[in-house]
Amino acid sequence: MKAILSKQDLAINGAPAAFDQVLHVGRPNIGSREAFNSYVDAMFESRWLSNNGPLVQAFEQRVANYLGAKHCVAMCNGTVALEIAIRALGLQGEVIVPSYTFIATAHALSWQGITPVFADIDPLTHNLDPVAVERMVTPRTTGIIGVHLWGRAAPVEDLQAIADKHGLQVMFDAAHAFSCSHHGQKIGNFGRCEVFSFHATKFFNTFEGGAVVTNDDELAETMRLMRNFGFAGLDNVIHPGTNGKMIEVAAAMGLVNLDAIDSVIAANRRNYHAYATGLSGLPGLTLLPYDEDEQNNFQYVVIEVGEECPVSRDQIIQTLHAENVLARKYFWPGCHNMKPYREFYPHAGLLLPQTQLIADQVVVLPTGPTIDEFMIDIVTSIIRVLM
Ligand code: T4K
């Protein structure tokens with residue numbers, strides 16, 4: 001790779017791609033393989049593979065301690081964790097959610113016959129706009145699910161105030177926000193409960209996995225029953241339920257990856273600042289800021305391609321893909337524009353102007369410990385030559 005690229009150097013002009021291997025958004029962060037293997041050896045020795053085994057119990061305890069919360073109820077993935085939390089809270093009718101989120105936030109509701117009502121976001125934070133939320137409250141509304149998008153806290157206090165005023169429940173989709181804080185307190189402690197995803201692509205993963213974290217004893221107990229078919233002991237089912245259990249091998253991965261969190265954050269922080277340097281001064285390009293007074297996991301490097309940018313968002317994506325940089329358009333085109341929802345609410349976009357704007361502008365760039373500053377220099381050079 002030459003220090004200064006020209007447009008002719010880009011793969012779209014027939015030049016070889018900048019990278020031999022694809023740079024992904026969401027490359028899994030993996031802790032000590034040795035430690036993982038010894039957990040797995042012990043698991044095989046004990047022949048205990050699932051159903052609230054010792055590794056899951058240890059994992060739950062460590063996560064709860066790490067977040068400073070009373071209960072962590074580990075699950076098989078974040079989507080089932082959302083579904084169980086929604087049921088445990090007794091939500092029904094309509095629930096207000098952002099459209100600018102991963103589709104699972106909306107699906108977890110509609111899958112259970114609850115109508116997701118999409119509220120617009122604040123274009124500065126990409127999180128729910130409380131004014132837009134209040135506008136969507138109807139007599140059928142039972143709750144609000146805020147999403148801490150990109151790990152940056154939703155407007156927790158404002159959403160709670162709206163909920164209190166209208167007698168609604170608040171919970172959070174914290175899939176992106178493990179290890180992040182709000183006003184100095186770890187996310188996991190807000191609303192009735194908060195739901196994490198530990199999917200492979202997340203900052204902190206258990207292969208597949210998720211958890212509901214709460215400080216409410218009764219709610220935690222209900223969710224423990226629900227994730228295990230409602231069993232309260234041998235042959236004794238006392239609650240409707242499903243199979244939402246985390247398996248032992250996933251908990252082993254979680255225990256190992258908990259030990260690696262600080263080094264992953266350090267790599268993500270380093271990369272974030274390298275992108276900030278490499279992209280500085282480019283017209284119409286804004287790197288989404290993180291509040292340095294809060295704890296951040298820096299898992300998502302998000303740029304907005306504004307109107308003043310001489311190239312479009314899609315041209316940037318297309319060029320990066322040609323160079324083997326698999327940048328993503330998360331969460332385009334917004335849940336309300338996806339087939340299952342578009343059919344039911346064809347005019348939802350009229351109420352979601354900021355969602356449409358941001359969904360058309362965002363590019364998410366690769367980061368994590370497998371990406372270094374040299375690679376970022378090349379990625380940002382590719383973007384620079386387009387300008
Ligand atoms: N709420 C929110 C706000 C969420 O973002 C999510 C999940 C959920 C709820 C639901 O939680 P889970 O039920 O998933 O626990 C990915 C993830 O599958 C999804 O978990 C995540 N959000 C979402 C933001 O990203 P896709 O469709 O982008 O995945 P995919 O297959 O394109 O993979 C992304 C990139 O990662 C690819 O370039 C390949 C790379 N990759 C992926 C895997 C699985 C690897 O390099 N290795 C791997 O093992 O959804």
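Note that the structure is a prediction, hence the values are computed from the model and not measured.

### Quick word on the sheet that holds strand 12 (residues 301–305)
The three strands lie next to each other as 11-12-14, forming an open sheet whose pairing is antiparallel. Lying at the two open borders of the sheet, with one neighbouring strand each, are strand 11 (285–287) and strand 14 (362–365). Strand-to-strand, the axes of this sheet are offset by a mean angle of 25°, without reference to chain direction. The pairing of strand 11 with strand 12 spans three bridges and is antiparallel. Bridged to leucine 285 within strand 12 is valine 305. Its contacts with the sheet place helix 10 (residues 313–322) against strand 11, strand 12 and strand 14, and it is angled at close to 25° to strand 14. Lying on the sheet, helix 12 (residues 353–361) is in contact with strand 12 and strand 14; it crosses strand 14 at an angle near 45°.

### Points about helix 9 (residues 261–279)
End to end, helix 9 covers 27 Å across 19 residues, agreeing with the expected 27 Å (1.5 Å per residue, within 8%). Along helix 9, the positions that sit buried rather than exposed are Ile261, Val264, Ile265, Ala267, Asn268, Asn271, Tyr272, Ala274, Tyr275, Gly278 and Leu279. As for helix 9, its buried residues are in contact with helix 2 (54–67), helix 8 (248–259), strand 11, strand 12, strand 14 and helix 13 (373–386). Following helix 9 by one or two positions, glycine 281 adopts a phi angle in the positive range, close to 80°.

### Overview of the sheet that holds strand 6 (residues 169–173)
If you trace the seven strands from one edge of the open sheet to the other, you get 2-10-9-6-5-3-4, paired in mixed fashion. Because the sheet does not close on itself, it has two edges, and the strands there are strand 2 (71–75) and strand 4 (115–119). Sheet twist, expressed as the mean angle between neighbouring strand axes with direction ignored, is 25°. Inspection of the sheet shows strand 5 (residues 141–147) paired to strand 6 by five bridges, in the parallel sense. By the bridge assignment, valine 147 is partnered in strand 6 with aspartate 173. Those strands touched by helix 2 are strand 2, strand 9 (194–197) and strand 10 (210–214), and its axis lies near 135° from that of strand 2. In this fold helix 4 (residues 103–110) packs onto strand 3 (94–98), strand 4, strand 5 and strand 6, with an angle of close to 145° to the strand it touches most, strand 4.

### Observations regarding the domain arrangement of the chain
Taken as a whole, the chain is organised into domain 1 (33–120 + 127–259) and domain 2 (261–386). Taking the mean C-alpha position of each, domain 1 and domain 2 sit 25 Å from one another. At the junction of the two partners, domain 1 supplies 35 residues and domain 2 supplies 32 residues. Interface area lost by domain 1 to domain 2 is led by Tyr100, Trp150 and Phe203, which between them contribute 29%. Seen at the junction of domain 1 and domain 2, the total is zero salt bridges.

The rules behind these values
Residues numbered from 1 in each chain as written. Predicted model: local features only at pLDDT ≥ 70, side-chain atom pairs only at ≥ 80, totals over all residues. Heavy atoms only, no water. Pairing = 2+ DSSP bridges. Helix = DSSP H or I, 4+ residues; strand = E, 2+ residues; numbered from the N terminus. Axes fitted to C-alpha atoms, helices over the stretch in contact; angles between N-to-C directions. Contact = heavy atoms within 4.5 Å. Expected span 1.5 Å × (residues − 1). Buried < 20%, exposed > 50% of the residue type's maximum accessible area, 1.4 Å probe, protein only. Domains from an automatic or database assignment. Buried area = accessible area lost by both parts, 1.4 Å probe. Salt bridge = Lys/Arg side-chain N within 4 Å of Asp/Glu carboxyl O.

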